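Residue-level structure breakdown
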Amino acid sequence: MGLYEGIKDAIGIAQKADNVELYKQLIDLSSQALDMQTEIAKLREENSELQKSKETEQRFVRHEQPYLTLQGDNQKVCYCAVCWGKDEKMIQMDRINWDKGQIKLYCSVCENHCIECEQ
Ligand SMILES: [Zn+2]
């Protein structure tokens, strides 16, 4: 029997026994159980996000300049290291042709800019 069926049955028994105090306590407990279930759902979601973030971070290749690439990414997309450090957001940086064949990377969110080094 699930928690809610159990509480519902107990409320029914309390009603039949005409025990108002027990009935009130059971209603209060069922409200607390609902709050706990909401909290558990929230924690599960947070945990899943942390797990995903940890998995992403393990694939990071860090560079001397403040940008990141991902291991195994054939396209070698460059992400902003500042935005990751601040909000754990993967912001793809713009690639701008720069002096002497160099590529300048630019983050349109935080305006972090740098020169792409080794690839
Ligand atoms: Zn940024």
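A word on the sheet that holds strand S3 (residues 79-80). Strand order in the open sheet formed by three strands is S1-S2-S3, with antiparallel pairing between adjacent strands. Strands with a single pairing partner mark the edges of an open sheet, and in this sheet they are strand S1 (60-62) and S3. Strand direction decides the pairing type here: S1 and strand S2 (residues 67-70), joined by three bridges, are antiparallel. Within the sheet, the bridge partner assigned to Phe60 lies in S2 and is Leu70.

This part covers the sheet that holds strand S5 (residues 103-106). If you trace the three strands from one edge of the open sheet to the other, you get S4-S5-S6, paired in antiparallel fashion. Each end of this open sheet is capped by a strand with a single partner; those strands are strand S4 (94-97) and strand S6 (113-115). Direction aside, the axes of adjacent strands within the sheet are offset by 25° on average. Both S5 and S6 contribute to a ladder of three bridges, which runs antiparallel.

A word on the environment of Cys78. Its location among the elements puts Cys78 in the loop between S2 and S3. For Cys78, a count of 25 C-beta atoms within 10 Å puts it in the buried group. Placed 17 residues apart in sequence, Cys78 and Val61 show a C-alpha to C-alpha distance of 9.9 Å. The residues contacting Cys78, other than those within four sequence positions of it, are Tyr67, Thr69, Met93, Leu105 and Glu116.

All right, on to unusual backbone geometry then. With a phi close to 50°, Lys76 is a non-glycine residue in the positive phi region. Its place among the elements puts Lys76 in the loop between S2 and S3. Of the residues examined, Lys76 has 10 C-beta atoms within 10 Å and is grouped as exposed. Even without a glycine there, the phi angle at Glu88 is positive, about 55°.

Turning next to the nonpolar core. It is characteristic of soluble globular proteins that their nonpolar side chains tend to be buried jointly. With 11 residues, the main nonpolar core is built from Tyr67, Leu68, Cys78, Tyr79, Cys80, Ala81, Cys83, Met93, Leu105, Cys107 and Cys114. For this core, the secondary-structure elements that each account for two or more residues are S2, S3 and helix H3 (81-87).

Considering every residue of the protein chain, the mean pLDDT works out to 92; 98% of them sit at 70 or more. Of all helices and strands in the protein chain, the one with the weakest mean pLDDT is helix H1 (residues 3-16) (88), whereas S3 scores best (97).

What follows is about the packing of H1 against helix H2 (residues 20-58). With their axes 9 Å apart at the nearest point, H1 and H2 run at an angle of 165° to one another. As judged from the angle between their axes, H1 and H2 are roughly antiparallel. Crossing of H1 against H2: the hand is left-handed. Across the interface between the two elements, Leu3, Ile7, Ala10, Ile11, Ala14 and Gln15 from H1 touch Leu22, Tyr23, Leu26, Ile27, Leu29, Ser30 and Ala33 from H2. Residues of the contact of H1 with H2, tallied by class, amount to 11 nonpolar, two polar and no charged.

Rules used in this analysis
Residues numbered from 1 in each chain as written. Predicted model: local features only at pLDDT ≥ 70, side-chain atom pairs only at ≥ 80, totals over all residues. Pairing = 2+ DSSP bridges. Helix = DSSP H or I, 4+ residues; strand = E, 2+ residues; numbered from the N terminus. Axes fitted to C-alpha atoms, helices over the stretch in contact; angles between N-to-C directions. Buried ≥ 20, exposed ≤ 12 C-beta atoms within 10 Å, placed from the backbone. Contact = placed C-beta atoms within 7 Å. Core = buried A, V, L, I, M, F, W, Y, C linked by C-beta atoms within 7 Å. pLDDT = per-residue confidence, 0-100. Parallel < 35°, antiparallel > 145°, perpendicular 65-115°, else oblique. Left-handed = near helix turned anticlockwise from the far one by under 90°. Nonpolar A, V, L, I, M, F, W, Y, C, P; charged D, E, K, R; others polar.

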